[in-house]
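Residue-level structure breakdown
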Amino acid sequence: MEGKKSTYLTLFKSTFYLSAFTIGGGYVIVPLMKKKFVDDLHWIKEEEMLNLTAIAQSSPGPVAVNAAILLGYRVAGILGALITILGTILPPFITLCIISVFYAAFRDNIVVNSVLKGMQAGVAAVIADVVINLGGNVIKQKDMVSVIVLACAFFATYIWKVNVMYIILAGGCTGAARFFLKMKNSQKGGGIK
Amino acid sequence: MILLKLFLSFFQIGLFSIGGGMAAIPLIQNQVVDLNHWLSLAEFTDLITIAEMTPGPIAINSATFVGIRIAGIFGAVVSTLGCILPSCIIVSILAWIYFKFKDLKVLQTILAGLRPVIVAMIASAGLSIFIVAIWGEGGFSTNPKTLNFISLLLFFSAIFVLRKWKTNPIFVILGSGIIGGVINLLA
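Comments concerning the overall build of chain A
When you go through chain A residue by residue, the secondary structure sums to 7 helices and 0 strands. For chain A, the succession of helices and strands along the chain, N to C, is α-α-α-α-α-α-α. Against the compact-globule benchmark of 16 Å for 193 residues, chain A has a radius of gyration of 22 Å, which places it well outside the compact range. Dimensions of chain A, computed from C-alpha atoms along their principal axes, come out at roughly 60 × 55 × 25 Å. The buried share among the 193 residues of chain A stands at 45%. Sequence-distant contacts in chain A: of pairs separated by 6 or more residues, those separated by 24 or more amount to 50%. Approximately 10400 Å² of chain A is accessible, and the part contributed by carbon and sulfur atoms is 69%.

Shown next as structure tokens:
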């Protein structure tokens, strides 16, 4: 019993600490989780961690939360998952509660306002950088369908303000349709090339 | 009623943001600014700026921030729960399928099909944020008076630094905040 309790405590402390000190979301927290749970604690194998990461990244929702659920469940079952979820969401929850109280009071402060204005330009640049990288990869593949899908999705979101849910569903259907077409073709051609 | 609305909105954000971080931004904007008018575009831009600077997933940060402003601490709790509930359900199912069949090929192909859509959505949200950062809440205009030259200069310098040296985004955002803040205060 004592051993179980200490497992839960370590799970909570580890995920809380990781979540509190990683800025930048899923892509940063996953490698740190690997370091903690694979290299330090030896609770799971490296290969398994990679598989869990793949599931976390291809599932909907925040990658950090997904990874925490998988890890917690793997180590200590459902209770473990609940503990790691709590450990992961508490730090941002507490931080943002405090900030939102201050935000109302300080938004009109001239210094805060000037710094925020400067930071907005930085955030716009960070997003633009991500778009250039990701968009470049899509175009580099020289796949006309992808480029058309990209253009349509952009107009639908930016110009017509369509509910994003429908655009994602449509994109997912396109992907599924292509998968089954490819499967059909490879069956006809007698094997996958 | 407002609690239910918050819950459902963030449930949708949790359900449809695939690929983490940036991919959640357009969904949050869609729900919080366009559909429910809980935040103005400028407040939303502030929120993303804050979320980028604080620990934790952007979606959780946004859920807490919007929830507490609209309906107090209960609003924050309800929004955050709504945001993570789809993960809890879907990740459990996927993990079960994975451990049983060890094959995620269909899922991976569908995800590959989604990639251009997600890029387009991030681009769209990025353009909204760019316009607020450069022209302010009034939006794009050809009148040069509304254009903020300091922000435009900061934007291009930040892009240059990011692409040339692959600097950590946190430092780029902090740096442009400090430099922009000082110039704005002096001007």
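Past the structure itself, the notes keep going.
Side note on the packing of aromatic side chains
A full pass over the atoms with the stated rule returns 12 aromatic pairs over all chains. Measuring from centroid to centroid gives 6.0 Å for phenylalanine 37 of chain A and tryptophan 43 of chain A, while their planes differ by 40°, and the two rings are tilted. Taken together through their ring pairs, the aromatic side chains of Phe130, Trp135, Phe140, Phe155 and Phe156 of chain B make up a single cluster.

Re the pattern of salt bridges
Two side chains of opposite charge can pair, provided their charged atoms sit close to one another. Residue and element names in this part refer to chain B. Using the criterion set out here, one finds 4 salt bridges over all chains in the structure. Glutamate 43 serves as the salt-bridge partner of arginine 69, at 2.9 Å between the closest nitrogen and oxygen. In this pair, arginine 69 sits in helix α4 (residues 58-101) while glutamate 43 sits in helix α3 (residues 41-53), placing the two residues 26 residues apart along the sequence. With a relative accessible area of 30%, arginine 69 lands in the partly exposed category. We classify glutamate 43 as buried; its relative accessible area is 14%.

Some remarks on the side chain of serine 128 of chain B
Inspection of the secondary structure puts serine 128 of chain B in helix α5 (residues 105-135). Owing to a relative accessible area of 7%, serine 128 of chain B belongs among the buried residues under this scheme. What serine 128 of chain B contacts, discounting residues up to four positions off in sequence, is Tyr158 of chain A together with Gln29 and Leu41 of chain B.

So, the interface of chain B and chain A
It is common to give the size of an interface as the accessible area lost on bringing the parts into contact. At the interface, 92 residues of chain B touch 78 residues of chain A. The junction of chain B with chain A conceals about 7600 Å² of combined surface from both sides, 77% of it contributed by carbon and sulfur atoms. Scanning the region where chain B abuts chain A turns up 1 salt bridge. Close ionic contact of arginine 163 of chain B with aspartate 129 of chain A constitutes a salt bridge, the shortest N to O distance being 2.6 Å. At the boundary of chain B and chain A, one finds 12 residue pairs in polar contact (both at pLDDT 80 or more). Secondary structure elements with two or more residues in the side of chain B that touches chain A: α1 (2-16), α2 (24-35), α3, α4, α5, α6 (149-165) and α7 (169-186) of chain B. In terms of residue count, α5 of chain B provides more of the side of chain B that touches chain A than any other element does, 24 residues in total. Residue composition of the side of chain B that touches chain A, by class: 58 nonpolar, 27 polar and 7 charged.

Remarks on the packing of α1 of chain B against α2 of chain B
All names here are of chain B. α2 packs onto α1 with a crossing angle of 165° between their chain directions and a minimal axis gap of 9 Å. By the angle between their directions, the pair α1 and α2 is classed as roughly antiparallel. Note on packing geometry: the crossing formed by α1 with α2 is right-handed. Between α1, through Ser9, Phe10, Gln12, Ile13 and Phe16, and α2, the contact on the second element is made entirely by Leu27, Ile28, Gln31 and Val32.

Observations regarding the packing of helix α5 (residues 110-140) of chain A against α6 of chain B
Contact geometry for α5 of chain A and α6 of chain B: axes closest at 8 Å, N-to-C directions at 45°. In terms of orientation, α5 of chain A lies oblique with respect to α6 of chain B. Considering the relative orientation of α5 of chain A and α6 of chain B, their crossing is right-handed. Counting all contacts with α5 of chain A, which are made through Lys117, Gly118, Ala121, Gly122, Ala124, Ala125, Val126, Ala128, Asp129, Ile132 and Asn133 of chain A, the residues of α6 of chain B involved are Ser151, Leu154, Phe155, Ala158, Ile159, Leu162 and Arg163 of chain B.

Here's the deal with the environment of isoleucine 129 of chain B
Considering the arrangement of structural elements, one finds isoleucine 129 of chain B in helix α5. A relative accessible area of 0% places isoleucine 129 of chain B in the buried class. Along the primary structure isoleucine 129 of chain B and phenylalanine 44 of chain B are separated by 85 residues, whereas in three dimensions their C-alpha atoms are 8.6 Å apart. Not counting residues within four places of it along the chain, the set of residues in contact with isoleucine 129 of chain B comprises Val123, Ala124 and Ile127 of chain A together with Ile25, Phe44, Thr45 and Ile48 of chain B.

Quick look at unusual backbone geometry
Of note in the backbone geometry, lysine 142 of chain A takes a positive phi value of approximately 55° without being a glycine. Structurally, the position occupied by lysine 142 of chain A is in the loop between α5 and α6 (144-158). Residue lysine 142 of chain A is classed as exposed on the basis of its relative accessible area of 74%. The phi dihedral of histidine 37 of chain B is positive, around 55°, even though this residue is not glycine. Counting through the fold element by element, histidine 37 of chain B comes out in the loop between α2 and α3. Residue histidine 37 of chain B is classed as exposed on the basis of its relative accessible area of 62%.

Digging into α5 of chain A
Residue and element names in this part refer to chain A. Compared with the 45 Å implied by 1.5 Å per residue over 31 residues, the 45 Å span of α5 between its first and last C-alpha is a close match. The opening residue of α5 is asparagine 109, an N-cap whose side-chain oxygen sits 2.8 Å from the backbone nitrogen of valine 111. Trailing α5 by a residue or two, lysine 142 shows a phi angle of about 55°, which is positive.

Definitions and limits used
Residues numbered from 1 in each chain as written. Chains lettered and ligands numbered in written order. Predicted model: local features only at pLDDT ≥ 70, side-chain atom pairs only at ≥ 80, totals over all residues. Heavy atoms only, no water. Helix = DSSP H or I, 4+ residues; strand = E, 2+ residues; numbered from the N terminus. Rg over C-alpha atoms; globule rule 2.2 N^0.38 Å. Buried < 20%, exposed > 50% of the residue type's maximum accessible area, 1.4 Å probe, protein only. Contact = heavy atoms within 4.5 Å. Areas by Shrake-Rupley, 256 points an atom, 1.4 Å probe, with all protein chains shown as cover. Phe/Tyr/Trp six-rings, centres within 6.5 Å; stacked < 30°, edge-to-face > 60°. Salt bridge = Lys/Arg side-chain N within 4 Å of Asp/Glu carboxyl O. Buried area = accessible area lost by both parts, 1.4 Å probe. Polar contact = N/O pair within 3.5 Å; in protein donor to acceptor, adjacent residues only side chain to side chain. Nonpolar A, V, L, I, M, F, W, Y, C, P; charged D, E, K, R; others polar. Axes fitted to C-alpha atoms, helices over the stretch in contact; angles between N-to-C directions. Parallel < 35°, antiparallel > 145°, perpendicular 65-115°, else oblique. Left-handed = near helix turned anticlockwise from the far one by under 90°. Expected span 1.5 Å × (residues − 1).

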